[in-house]
Amino acid sequence: MDIQDVIIIGGGPVGLFGATMARLHGMTTTVIESLPELGGQLYALYPEKPIFDVAGFYGITGKDLALRLVEQAEHFAPDFVVGESIETIARLDNAGDSYYEVTTSGGVHRSRVLLVTVGIGAFVPRKLPAEGADGFENRGVYYLMPSLDYFRGKRVLVVGGGDTALDWTLAIAPRASHLTLIHRRDQFRGQEESIRLIHESPDISVKTPYELLRVEGSQHVEAVVVKNAATGEEETWPMDDIVGGLGFLPSLGPVKSWGLNLEGNTIVVDPATMMTSLPGVFAAGDVVQYPGKVKLIATGFGEIGIAIAKIRSYLDPTKKGLPHSTNLKGIPRP
Ligand SMILES: Cc1cc2nc3c(=O)[nH]c(=O)nc-3n(C[C@H](O)[C@H](O)[C@H](O)COP(=O)(O)OP(=O)(O)OC[C@H]3O[C@@H](n4cnc5c(N)ncnc54)[C@H](O)[C@@H]3O)c2cc1C
């Protein structure tokens, strides 16, 4: 079995840019992603939201940025393995040649270096604690969004008080025939600008403090039973769809058992090199922790630059730093 230079664990924006950089600098590279689609949070959590703080774009939706990152990486032809989650890693030694063997849900892969870009891990949504909600999942109850156009002309209920709920409220409201946002407290916890826009929108009814008690329907959601937490009174509202906006549980899953130095659900790295506590294992993006860490796509891209420079000299100690891409020879032209 071939031993690659680098296996990138996680095909979110940071892992995808990692694949471009690793291939650009001549490393054989495989990206392994547990979901069926590449793109990480951009593709799975907010495909249709515009992002305004990625360099080079005034505004670009999560899905479009994910597709651009895939397209950029594809020019340099890394191997992509999708729909396989990495379960275990083991460091092996063959006559002084050390490498990692990673076992996924579908097979075994080998590389000299691992670059861990698993972000927030598996996307495990906090489920709605309401009677009947489980039975209507994907039949009117959603946690990961179908296309926003799905909500066109529908009566939609969004539940939650943090950024996830506020973001979805603002994204869905222009399509829905009416949108109601409920939260069990009077105060929202999200960004002030989102809260202001929601309160100003004529298309959104904000109901607090309200709790979702029960979901009713036959084949699909037809109504919700809610409780006014101030008066204790129950109300039934006709409803087509419900969006659970209670956030996501960080779940590093198998990564926790790999022997890395962790702080909660993050991997501690040296920000000067992006090295973890294990030899030959680097990490970047939302999953890493160091003093001053900011969880943004832009910072993740910067961390990739540092990691790839260090990986290059780790694989070949005669090589230092990173040459400018404009000076590289033999790059396929777009
Ligand atoms: C609603 C919302 C809005 C946001 N808006 C912005 C914004 O405007 N600007 C900004 O800069 N950032 C924004 N962010 C944050 C941004 O999306 C993250 O910083 C970015 O996605 C981190 O990228 P990543 O590649 O590190 O991780 P992720 O995007 O989380 O990707 C990690 C990938 O690893 C995969 N994975 C996990 N475990 C395994 C495993 N064991 N084996 C294989 N694959 C695995 C996951 O399936 C996932 O695809 C927003 C986030 C959200 C939720």
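Residues numbered from 1 in each chain as written. Predicted model: local features only at pLDDT ≥ 70, side-chain atom pairs only at ≥ 80, totals over all residues. Heavy atoms only, no water.

Undergrad: Just give me the short version of the packing of aromatic side chains, but keep the residues and values in it.
TA: Two aromatic rings are characterised by how far apart their centres lie and by the angle between their planes. Under the counting rule described, the total for this entry stands at 7 aromatic pairs. Taken together through their ring pairs, the aromatic side chains of Tyr 142, Tyr 150 and Phe 151 make up a single cluster. The side chain of Lys 154 reaches across the aromatic face of Tyr 150, ending 3.7 Å from its centre. (Phe/Tyr/Trp six-rings, centres within 6.5 Å; stacked < 30°, edge-to-face > 60°. Lys NZ or Arg CZ within 6 Å of the ring centre and 35° of its normal.)

Undergrad: An account of the side chain of Asn 228 is needed here, citing residue identities and associated values.
TA: Counting through the fold element by element, Asn 228 comes out in strand β15 (residues 221–228). The class of Asn 228 is buried, set by a relative accessible area of 14%. A distance of 3.5 Å separates a polar atom in the side chain of Asn 228 from a polar atom in the side chain of Tyr 210. Those residues in contact with Asn 228, other than ones at most four positions away along the chain, are Pro 209, Tyr 210, Glu 233 and Glu 235. (Helix = DSSP H or I, 4+ residues; strand = E, 2+ residues; numbered from the N terminus. Buried < 20%, exposed > 50% of the residue type's maximum accessible area, 1.4 Å probe, protein only. Polar contact = N/O pair within 3.5 Å; in protein donor to acceptor, adjacent residues only side chain to side chain. Contact = heavy atoms within 4.5 Å.)

Undergrad: Give a description of the site of the ligand that names residues and reports values.
TA: Taken together, 29 residues are adjacent to the ligand, and Glu 33, Tyr 46, Asp 53, Asp 286 and Ile 297 come closest. In this structure, an oxygen atom belonging to the ligand sits 3.4 Å away from a main-chain N or O atom of Pro 13. Here an oxygen atom of the ligand sits 2.9 Å away from a polar atom, N or O, in the main chain of Ile 297. Here the ligand, which alone exposes 1000 Å², has 88% of that area covered by the protein. Going through the elements one at a time, α1 (13–24), β2 (29–33) and α2 (40–44) are the ones with two or more residues in the shell around the ligand. Residue classes in the shell around the ligand are distributed as 14 nonpolar, 10 polar and 5 charged. (Near = heavy atom within 4 Å. Areas by Shrake-Rupley, 256 points an atom, 1.4 Å probe, with all protein chains shown as cover. Nonpolar A, V, L, I, M, F, W, Y, C, P; charged D, E, K, R; others polar.)

Undergrad: So, the domain arrangement of the chain: which residues are in play, and what are the values?
TA: Its domain assignment divides the chain into domain 1 (4–122 + 251–327) and domain 2 (124–246). A straight line from the C-alpha centre of domain 1 to that of domain 2 covers 35 Å. Counting from both sides, the interface comprises 7 residues of domain 1 and, opposite them, 7 residues of domain 2. Roughly 600 Å² of surface becomes buried between domain 1 and domain 2 when both sides are summed, with 57% attributable to carbon and sulfur atoms. By the criterion of area lost to domain 2, the three top residues of domain 1 are Leu 45, Glu 48 and Lys 49, representing 67% of everything that side buries. Across the domain 1-domain 2 interface, the total number found is 1 salt bridge. A salt bridge links Asp 167 to Lys 49; the shortest N-O distance between them is 2.8 Å. Between the two partners, domain 1 and domain 2, sit 1 residue pair in polar contact (both at pLDDT 80 or more). Residues belonging to the side of domain 1 that touches domain 2 are distributed by class as follows: 4 nonpolar, 1 polar and 2 charged. (Domains from an automatic or database assignment. Buried area = accessible area lost by both parts, 1.4 Å probe. Salt bridge = Lys/Arg side-chain N within 4 Å of Asp/Glu carboxyl O.)

Undergrad: Can you tell me about the sheet that holds strand β11 (residues 155–159), naming the residues and giving the values?
TA: In spatial order, the strands read β10-β17-β11-β12-β13; together these 5 strands make up an open sheet with parallel pairing. Looking at which strands have only one partner, the edges of the open sheet turn out to be β10 (141–142) and β13 (204–207). As judged from the 4 bridges shared by β11 and strand β17 (residues 241–244), these two strands associate in the parallel manner. Note that in β17 the partner of Val 156 across the bridge is Asp 241. Sitting on the sheet, helix α4 (residues 163–172) is in contact with β11, β12 (178–182), β13 and β17, with an inclination near 170° to β12. (Pairing = 2+ DSSP bridges. Axes fitted to C-alpha atoms, helices over the stretch in contact; angles between N-to-C directions.)

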